[in-house]
Amino acid sequence: MSARSTGGARPASVRNAFIPGGRLAGWADRFGAAHGGYQLSDDDDGLRLLAADGAEALLQSPWPVDGRPGRGADALERLASLASQPRRLGLLLARRGGYGVAVVAEGQALAAKVGSTYVQSRTAAGGQSQQRFARRRSNQADALVDAVAEQAARTFSSEPFEYMLPGGDRALVGLVLQHPALQGYAAMPRLAYLDVPDPKAAVLRKAAADSCAVRIQVTDAP
């Protein structure tokens, strides 16, 4: 039956949050109170809280297990314990408007640097003007990749870490990670991508906190 004939189904509301391991139990209690309780379901995507009213929360650890599982009486406690383990990561954020790099532990940047730059947007103009614009845009993008990679190499060399966490413009970050200056870091295990705006200082601080927290996606009941 078509959506038109039934009046159309309203899409489910989805929202995201990042909760540190130490606050996860309290968050789950509030979720249960708001949705009539829940049951736990553990699968390949993460830990699911299946609420009585049809809402669902997907919880994902910031870390792979890596032979260091969390401890606890149930899956929720083990996830909170795993997320609270003090592991370190290299944070690499880049967009056309700037970049941010940091070594992060327990949600705090041990070493960090942000910078501003600019890569022009595409234009609909044609002919020689478009060609000149494309060359200028390419030069700007190359300069940004060089600047981010070289700054990241300096920042990352200040502290040891075990994971790489990219964020921002996927294509741009991919080019940065291919830069010769980051040859020693590009092969490190990568954590789940972060979607961030232009990486100003406040964005970098939030990304550092989020990078060490449980990722939660809540889908409300239809």
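Details of the structure are given in the entry above.
Throughout what follows, the structure given in this document is the object of discussion. (Residues numbered from 1 in each chain as written. Predicted model: local features only at pLDDT ≥ 70, side-chain atom pairs only at ≥ 80, totals over all residues. Heavy atoms only, no water.)

The biggest cluster of nonpolar side chains holds 22 residues, and the ones touching the most others in it are Leu92, Phe156, Phe161, Met164, Val176, Leu182 and Tyr185. Looking at this core, the elements that each hand over two or more residues are strand S5 (88-95), strand S6 (98-105), helix H4 (127-156) and helix H5 (170-177). Of all the elements, H4 adds the most residues to this core, at seven residues. Dropping the residues within four chain positions of it, Val176 is found in contact with Leu92, Val145, Val148, Ala149 and Leu182. Ile19, Leu24, Leu49 and Ala83 belong to the second-largest nonpolar core, a separate cluster that totals 19 residues. (Core = buried A, V, L, I, M, F, W, Y, C linked by side-chain atoms within 4.5 Å. Buried < 20%, exposed > 50% of the residue type's maximum accessible area, 1.4 Å probe, protein only. Helix = DSSP H or I, 4+ residues; strand = E, 2+ residues; numbered from the N terminus. Contact = heavy atoms within 4.5 Å.)

Before going further, it helps to examine unusual backbone geometry. Positive phi, normally seen in glycine, also occurs at Asp66, with a value near 55 degrees. Take Asp66: it is sitting in the loop between strand S4 (56-60) and helix H3 (75-83). Asp66 sits in the partly exposed class, given a relative accessible area of 43%. One non-glycine residue, Glu106, lies in the positive phi region at around 55 degrees.

Below, the discussion takes up the side chain of Ser211. Within the secondary structure layout, Ser211 lies in helix H6 (residues 201-211). A polar side-chain atom of Ser211 sits 2.7 Å from the main-chain carbonyl oxygen of Ala208. (Polar contact = N/O pair within 3.5 Å; in protein donor to acceptor, adjacent residues only side chain to side chain.)

Structurally, Arg48 is set in strand S3 (residues 46-51). Within the structure, Arg48 has its side chain in polar contact with the side chain of Asp43 (distance 2.7 Å). A distance of 3.1 Å separates polar atoms of two side chains, one belonging to Arg48 and the other to Asp45. Apart from residues no more than four positions distant in its own chain, Arg48 is found in contact with Gln39, Leu40, Ser41, Asp43, Glu56, Ala57 and Leu58.

This brings us to the layout of surface pockets. When its volume is computed, the largest pocket comes out at roughly 450 Å³. Lining the largest pocket we find 25 residues, and of these Gln60, Ser61, Trp63, Leu79 and Leu82 sit closest to its centre. Residue assignment for the lining of the largest pocket shows that the elements contributing at least two residues are S3, S4, H3 and H6. When residues of the lining of the largest pocket are assigned to their parent elements, the largest contribution, four residues, is made by H3. In terms of residue class, the lining of the largest pocket is made up of 14 nonpolar, five polar and six charged. (1 Å grid on protein atoms, 1.4 Å probe; cavity = no way out; pocket = protein on both sides within 12 Å on 5 of 7 lines; lining within 4 Å. Points joined across faces, edges and corners; volume = space filled by probe spheres on them. Nonpolar A, V, L, I, M, F, W, Y, C, P; charged D, E, K, R; others polar.)

Turning next to the pattern of salt bridges. Following the criterion strictly, the structure yields nine salt bridges and no others. Among the salt bridges present, the one from Asp45 reaches Arg48, with a minimum N-O distance of 3.1 Å. Arg48 sits in the buried class, given a relative accessible area of 17%. Here Asp66 makes a salt bridge to Arg68, at a shortest N to O gap of 3.6 Å. (Salt bridge = Lys/Arg side-chain N within 4 Å of Asp/Glu carboxyl O.)

Attention now goes to H6. Because an α-helix completes one turn every 3.6 residues, residues spaced three or four positions apart along the sequence face the same direction. Taken together, the buried positions of H6 are Val203, Leu204, Ala207, Ala208, Asp210 and Ser211. Around the axis of H6, the buried residues are gathered within 165 degrees of arc, so they sit on the same side. Facing away from the buried side of H6, by more than 90 degrees, are the exposed residues Arg205 and Lys206. (Arc of directions from axis to C-beta.)

This part takes up the packing of aromatic side chains. Evaluation of the coordinates by the stated rule reveals six aromatic pairs. Where Phe156 meets Tyr185, the ring centres are 5.3 Å apart and the plane angle is 65 degrees; that geometry is what we call edge-to-face. In this pair, Phe156 sits in helix H4 while Tyr185 sits in the loop between H5 and H6, placing the two residues 29 residues apart along the sequence. One exposure class covers both Phe156 and Tyr185, and it is buried. Against the face of Tyr193 rests Arg170, its NZ or CZ located 4.0 Å from the ring centre. (Phe/Tyr/Trp six-rings, centres within 6.5 Å; stacked < 30°, edge-to-face > 60°. Lys NZ or Arg CZ within 6 Å of the ring centre and 35° of its normal.)

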